[in-house]
Amino acid sequence: MNIEHTPVMPDELTDIRLRLAATLAPQTADQTAAALAAGLAAYETARLDGLCSDGAWECAWEAARHTLARERAGEE
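Reading the values: the criteria
Numbers given to residues run from 1 along each chain, matching the order in which its sequence is written. Per-residue local features of the predicted model are confined to residues with pLDDT of at least 70, and side-chain atom pairs are confined, for both listing and counting, to 80 or more; whole-chain, interface and lining totals are unaffected and use all residues. Side-chain measures here rest on the full set of heavy atoms in the structure, leaving out hydrogens and waters. What counts as a helix is a DSSP run of H or I of at least four residues, what counts as a strand is a run of E of at least two, and both are numbered from the N terminus. Contacts were defined at the residue level, with two residues in contact if any of their heavy atoms lie within 4.5 Å. Joining through side-chain atoms within 4.5 Å is the link that ties buried Ala, Val, Leu, Ile, Met, Phe, Trp, Tyr and Cys residues into a set, and such a set is a nonpolar core. Accessibility here uses a 1.4 Å probe with only protein chains present; expressed as a share of the type maximum, an area under 20% marks a residue as buried, one over 50% as exposed, and anything in between as partly exposed. The term salt bridge refers to a side-chain nitrogen of Lys or Arg lying within 4 Å of a carboxyl oxygen of Asp or Glu. The pairing test for Phe, Tyr and Trp rings, Trp by its six-membered ring, is centres within 6.5 Å, and the orientation test on the planes gives stacked under 30 degrees, edge-to-face over 60, and tilted for anything in between. Only when the NZ of Lys or the CZ of Arg is both within 6 Å of the ring centre and within 35 degrees of the ring normal is a charge said to sit over the ring.

Student: I'm lost on the environment of Thr14 in this one. Help?
Tutor: Relative to the assigned elements, Thr14 resides in helix α1 (residues 10-24). Residues Thr14 and Leu40, 26 residues apart in the sequence, show an inter-C-alpha distance of 9.1 Å.

What follows is the structure, encoded as structure tokens:
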């Protein structure tokens, strides 16, 4: 079955950005820009690859967490 995927809508990305920011806020204050960018890119890629919103959110969260971990490791 060949299903064409609809590109992620800007409102959907805005919602994900806000959700990521709220989730990351308790963990870090100044390091969220790179983590947000990584999360949004991962979310959009996952959606374009056919994942549902929840699956794409998991990808976004993992990308954001890994970005924060790399930044913290580089600082210490």
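Text resumes after the structure shown.
Student: Explain the environment of Leu40 here, please?
Tutor: If you trace the backbone, Leu40 turns up in helix α2 (residues 32-48). Dropping the residues within four chain positions of it, Leu40 is found in contact with Leu13, Ile16, Arg17 and Leu20.

Student: Hey, could you run me through the nonpolar core in this one?
Tutor: Grouped burial of nonpolar side chains is what soluble globular proteins tend to show. Counting 14 residues, the largest nonpolar core has Leu20, Leu24, Tyr43 and Trp57 as the members making the most contacts within it. At the level of elements, α1, α2 and α3 (53-75) are the ones that each hand at least two residues to this core. Sort the elements by how many residues they give to this core and α3 lands first, with six residues. Discounting residues that sit within four places of it in the chain, Trp57 has contacts with Ile16, Arg19, Leu20, Thr23 and Tyr43.

Student: Where do I start with the pattern of salt bridges in this structure?
Tutor: A complete count under the given rule lists two salt bridges for this structure. For Glu12, the salt bridge goes to Arg47, with nearest N and O atoms at 3.0 Å. Of this pair, Glu12 sits in helix α1 while Arg47 sits in helix α2; the two residues are 35 residues apart in sequence, bridging distant segments of the chain. Look at Arg47 and you get partly exposed, because its relative accessible area is 23%. Between Arg65 and Glu62 there is a salt bridge; the shortest N-O distance is 3.2 Å. You can see Arg65 and its partner Glu62 sitting in helix α3, three residues apart, about one turn around the helix. Here Arg65 falls in the partly exposed class, since its relative accessible area comes to 38%. Exposure remark for Glu62: the relative accessible area of 32% places this residue in the partly exposed category.

Student: What am I meant to see in the packing of aromatic side chains here?
Tutor: For any two aromatic rings, the description comes down to two numbers: the centre-to-centre distance and the angle of the planes. Per the counting criterion, the structure on display carries zero aromatic pairs. Seen from the ring of Trp57, Arg19 lies directly overhead, with NZ or CZ sitting 3.9 Å from the centre.

Functional significance is not addressed by these values, which are geometric in nature.
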